[in-house]
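What follows is each chain in one-letter form.
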Amino acid sequence: QVQLVESGGGLVQAGGSMRLSCAVPGILFNIAVLGWYRQAPGKPRELVATYSKSGTTTYVDAVKGRFTISGDNRQNTLYLEMDNLKPEDTAVYYCNTNPAIEKSWGQGTQVTVSS
């Protein structure tokens, strides 16, 4: 089992910004694509963005131009910079590999965007 730990969530006003962090076992930066996921109330968990060690990134259409995923394997940390946040971004955010390692899901970090 590997442990990924999310942090940085909280309450933010619409239009604001927030940066999430994820502590990732260093080896995963070399062997796996990493991703940020989110789950809103009443909805299934969805993939938001992915990151590979080469620096290649992908984003779901809903967050393109607003979210930026990045990684620092020297610090074993994956980041999600979220700008121009909208109420519909409210969700619990998780980090994992892509495809996800099912046993590695953590508690996530709650992001609440007020209108």
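This write-up is about the structure you can find in this document. In this text, all values refer to a predicted model and were calculated from it rather than measured experimentally. (Residues numbered from 1 in each chain as written. Predicted model: local features only at pLDDT ≥ 70, side-chain atom pairs only at ≥ 80, totals over all residues. Heavy atoms only, no water.)

With that out of the way, let us pick up the overall build of the protein chain. From N to C terminus, the protein chain includes one helix and 10 strands. Sequence-ordered secondary structure for the protein chain, helices as α and strands as β, is β-β-β-α-β-β-β-β-β-β-β. The C-alpha radius of gyration of the protein chain comes to 13 Å, within 12% of the 13 Å expected for a compact globule of 115 residues. Dimensions of the protein chain, computed from the C-alpha atoms along their principal axes, are close to 40 × 25 × 25 Å. Counting only residues that meet the buried cut, the protein chain has 42% of its 115 residues in that class. Pairs at least 24 apart in sequence give 53% of the contacts found in the protein chain among residues at least 6 apart. Total accessible area on the protein chain is roughly 6100 Å²; 49% of this is exposed by carbon and sulfur atoms. In the protein chain, 10 positive and 9 negative side-chain charges are present, and the distance between their average locations comes to 4 Å. (Helix = DSSP H or I, 4+ residues; strand = E, 2+ residues; numbered from the N terminus. Rg over C-alpha atoms; globule rule 2.2 N^0.38 Å. Buried < 20%, exposed > 50% of the residue type's maximum accessible area, 1.4 Å probe, protein only. Contact = heavy atoms within 4.5 Å. Areas by Shrake-Rupley, 256 points an atom, 1.4 Å probe, with all protein chains shown as cover. Lys, Arg positive; Asp, Glu negative; His and termini not counted. Charge placed at Lys NZ, Arg CZ, Asp CG, Glu CD.)

With five of six residues buried, strand β8 (residues 77–82) lies mostly within the body of the structure. As judged from the six bridges shared by strand β3 (residues 18–23) and β8, these two strands associate in the antiparallel manner. The partner of R19 across the bridge, within β8, is E81. Where strand β7 (residues 67–72) lies against β8, six bridges are found, and the strand directions are antiparallel. Bridged to D72 within β8 is T77. Linking two consecutive strands that pair antiparallel, namely β7 and β8, is a turn of four residues; a positive phi of about 55° is found at N76 within it. (Pairing = 2+ DSSP bridges.)

Before going further, it helps to spend a moment on the state of the cysteines. Under the defined criterion, the tally for this structure stands at one disulfide. What pairs with C22 in a disulfide is C95, and their sulfur atoms sit 1.8 Å apart. Taking the torsion about the S-S bond as the criterion, the C22 to C95 disulfide, at about 70°, is right-handed. Remark: C95 occurs in strand β9 (residues 91–98) and C22 occurs in strand β3; sequence separation between them is 73 residues. Residue classification places C22 among the buried positions, given a relative accessible area of 0%. (Disulfide = S-S within 2.5 Å.)

Scope: geometric values only; no functional claims are made or implied.
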